[in-house]
Amino acid sequence: MQQDNEIKEMLADLIWLDALIATELIQVTENTSAILRKSPPPESCLAEHKALRSTALAIAEKYRPGTMLARHLGQHQ
């Protein structure tokens, strides 16, 4: 029983971490695109990235609610 709980906690941690990595990777992609283009990414990409971030955040919040991830994502530019 304790091992089951430890496995559940570990999986929740990994899911949260994967969501964090996904959101940061989206931001790196946007920043790299802006540098290479010397202008912001296309609006369509920004809208899609926003939706993808929201999905990743929802997954992260499902398994680790109340972390600072939502606040951090709100500060991304």
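About the thresholds
Residues numbered from 1 in each chain as written. Predicted model: local features only at pLDDT ≥ 70, side-chain atom pairs only at ≥ 80, totals over all residues. Heavy atoms only, no water. Axes fitted to C-alpha atoms, helices over the stretch in contact; angles between N-to-C directions. Helix = DSSP H or I, 4+ residues; strand = E, 2+ residues; numbered from the N terminus. Parallel < 35°, antiparallel > 145°, perpendicular 65-115°, else oblique. Left-handed = near helix turned anticlockwise from the far one by under 90°. Contact = heavy atoms within 4.5 Å. Nonpolar A, V, L, I, M, F, W, Y, C, P; charged D, E, K, R; others polar. pLDDT = per-residue confidence, 0-100. Expected span 1.5 Å × (residues − 1).

**What about the packing of helix α1 (residues 2-37) against helix α2 (residues 43-63)?**
At a minimum axis distance of 8 Å, the contact between α1 and α2 shows a crossing angle of 165°. It follows that α1 is roughly antiparallel to α2 by the angle criterion. By crossing handedness, the relation of α1 to α2 is classed as left-handed. Contacts between α1 and α2 involve Ala12, Ile15, Trp16, Ala19, Thr23, Ile26, Gln27 and Glu30 from the former and Leu46, His49, Leu52, Arg53, Ala56, Ile59, Ala60 and Tyr63 from the latter. Among the residues forming the contact of α1 with α2, the class breakdown is 11 nonpolar, 3 polar and 2 charged.

**Some remarks on the confidence of the model for the chain**
Summary statistics for the chain give a mean pLDDT of 91 and a share of 99% for residues scoring 70 or more. Looking at the elements of the chain, mean pLDDT is at its lowest for helix α3 (residues 69-75), recorded as 85, and at its highest for α1, recorded as 94.

**A few points about α2**
With 21 residues, α2 extends 31 Å from end C-alpha to end C-alpha; this agrees with the ideal 30 Å at 1.5 Å per step. On its buried side, α2 packs onto α1 and α3.

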